[in-house]
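Observations on chain architecture
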Amino acid sequence: MGDLRGSIIDGIVKMMREAAFNVPKDVKDALIKAYESEDNPVARANLEAILKNIDASGKLKMPMCQDTGTPTFFIELGDDFPLRSEVKSVIEKAVRRATAEIPLRPNTVNPWTGENPGDNTGRHVPIIHLDLVPGDQMRVLFLAKGGGSENTSKIYMLSPVLGIKGIKKAVIDAMIDAGPMPCPPIIVGVGVGGSADLAIKLAKKATFRRLNEPNPDPKLNELENELLEMINSLGIGPMGLGGKTYALGVKVEWAHKHPASLPVGISTQCWAFRRAEGIFDKNGNLKIVLPP
């Protein structure tokens, strides 16, 4: 069991390192497309600087942003995976090691005292969302969540009578309010239904779907494309300085809800979308799925 724990710690550190140095291919391709289609000189210069930064980070093996984010994990734990109650402690050990080795800026601060433990752990951090699934594998989705983009998260508790028009308005209102704060171009996650806490969780997890991967529901795919067009028509542009591309993609996830409420959660991810996905088998062997 000790070797298994060690293998998983090694694997999670590797995932966090890959995320710190490399933007996934779907995001980089979308940024290149935005650069090639942009005719606003200021926006074009910003996109060029972003792409140069991405290339330098990969070549120099240095984090692409000084804000290396809050470590956030979505774990799908197989029924027959050998580690159960130890998963949280294993992830905490991996985060401490990754912080020291990569290195990552320590971002966990006590809200009452300002004390920083110095290793990106603390009360309820790293943030871990755990789902139990069939099988003997453990799927790990890692997100380094930057403070600027997290600060523009929104939760709207709409009247159900507002329906899809209300949902669209909520998303656009959130984008106008966000402006340059989330370091655009951004990826927008929208969670609809469930409860207030579930809606924002769904919004955040939705952004793990590749930008070039359409929503399997044709109606929701149409909604995502419509929202993306509406958002970019605002003209906010890269870094909020004007241009064609404020958002690279919109991803929608949903849950059933109470008849009396219509929760809409919105989560934005900055252009430095540091995410990684890996699958551990029962022996602790890791297959990295993302990046690229």
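This is a predicted model, so every value here is computed, not measured. (Residues numbered from 1 in each chain as written. Predicted model: local features only at pLDDT ≥ 70, side-chain atom pairs only at ≥ 80, totals over all residues. Heavy atoms only, no water.)

1. Brief notes about the overall build of the protein
Rules: The way it works is that DSSP assigns letters per residue, a run of H or I at least four long becomes a helix, a run of E at least two long becomes a strand, and they are numbered from the N terminus. Atoms counted for the radius of gyration: C-alpha only. Globule rule: 2.2 Å times the number of residues to the power 0.38. A contact between two residues is defined here by any heavy atoms of the two lying within 4.5 Å. Only four residue types enter the tally: Lys and Arg on the positive side, Asp and Glu on the negative side, with His and both chain ends excluded. Where a charge sits is defined by one atom per residue type, namely NZ (Lys), CZ (Arg), CG (Asp) or CD (Glu).
In terms of regular secondary structure, the protein is built from 8 helices and 9 strands. Its C-alpha radius of gyration of 19 Å places the protein within 12% of the 19 Å reference for a compact globule of 292 residues. For the C-alpha atoms alone, the extent of the protein along its principal axes is close to 55 × 50 × 40 Å. Counting only contacts in the protein whose residues sit at least 6 apart along the sequence, the fraction spanning at least 24 positions is 80%. Across the protein, the centroid of the 36 positively charged side chains sits 1 Å from that of the 34 negatively charged ones.

2. Some remarks on the environment of Phe-73
Mapping Phe-73 onto the fold places it in strand β1 (residues 70–78). C-alpha separation for the pair Phe-73 and Leu-143, spaced 70 residues apart in sequence, amounts to 6.3 Å. In this structure Phe-73 touches Ile-12, Met-16, Ile-91, Val-95, Pro-126, Ile-127, Ile-128, His-129, Val-140, Leu-141 and Phe-142, once residues within four positions along its chain are discounted.

3. Some details on the side chain of Glu-76
Going by this rule: Nitrogen and oxygen atoms within 3.5 Å of one another constitute a polar contact, given that in protein one can donate a hydrogen and the other can accept it, and given that sequence-neighbouring residues count only through two side-chain atoms.
Relative to the elements of secondary structure, Glu-76 occurs in strand β1. At a separation of 3.4 Å, a polar atom in the side chain of Glu-76 contacts the side chain of Lys-205. When near neighbours in sequence (up to four residues on either side) are disregarded, Glu-76 contacts Asp-131, Val-133, Gln-137, Met-138, Arg-139 and Lys-205.

4. Notes on the domain arrangement of the protein
How we decide: Where each domain starts and ends comes from a domain assignment, either automatic or drawn from a database. Put simply, buried area is how much 1.4 Å-probe accessible surface two parts lose in total, over both of them, once they are put together. A pairing counts as a salt bridge when a side-chain nitrogen of Lys or Arg comes within 4 Å of a carboxyl oxygen of Asp or Glu. Under the scheme applied, nonpolar residues are Ala, Val, Leu, Ile, Met, Phe, Trp, Tyr, Cys and Pro; charged residues are Asp, Glu, Lys and Arg; polar residues are all the others, including Gly.
Domain annotation for the protein reports domain 1 (4–22 + 64–146 + 274–290) and domain 2 (148–269). On the domain 2 side, the residues contacting the 15 residues of domain 1 number 13 residues. Summed over both sides, the interface of domain 1 with domain 2 buries roughly 1200 Å², with 57% coming from carbon and sulfur. If you sort the residues of domain 1 by the area they bury against domain 2, Phe-74, Lys-145 and Arg-275 come out on top, with a joint share of 45%. Between Glu-277 and Arg-210 there is a salt bridge whose closest N-O contact spans 3.5 Å. Counting every contact that joins domain 1 to domain 2 gives 7 residue pairs in polar contact (both at pLDDT 80 or more). Broken down by secondary-structure element, the contributors of at least two residues to the side of domain 1 that touches domain 2 are β1, β2 (127–133), β3 (138–145), β8 (275–280) and β9 (286–290). Per-element tally for the side of domain 1 that touches domain 2: the top contributor is β3, with 4 residues. Class assignment for the residues of the side of domain 1 that touches domain 2 results in 7 nonpolar, 2 polar and 6 charged.

5. Quick notes on the pattern of salt bridges
Taken as a whole, this structure holds 22 salt bridges when the rule is applied. Lys-168 is the salt-bridge partner of Glu-226, the closest N and O atoms lying 2.9 Å from each other. Separated by 58 residues along the polypeptide, Glu-226 in helix α8 (residues 218–232) and Lys-168 in helix α6 (residues 163–178) bring together distant segments of the chain. Close ionic contact of Asp-173 with Lys-169 constitutes a salt bridge, the shortest N to O distance being 2.7 Å. Here Asp-173 and its partner Lys-169 are both found in helix α6, 4 residues apart, which amounts to about one turn of the helix.

6. Some words on the sheet that holds strand β4 (residues 154–158)
The line we're drawing: A pair of strands counts as paired when DSSP detects no fewer than two bridges linking them. For helices, the fitted line uses only the C-alpha atoms of the stretch in contact; every axis is such a line through C-alpha atoms, and the angle between N-to-C directions lies from 0 to 180 degrees.
Reading across the sheet, the 4 strands line up as β4-β7-β5-β6 and stay open at both edges, with mixed pairing between neighbours. Every other strand in the sheet has two partners, leaving β4 and β6 (247–257) as the edge strands with one partner each. Going across the sheet, the axis of each strand differs from the next one's by a mean of 15 degrees, ignoring polarity.

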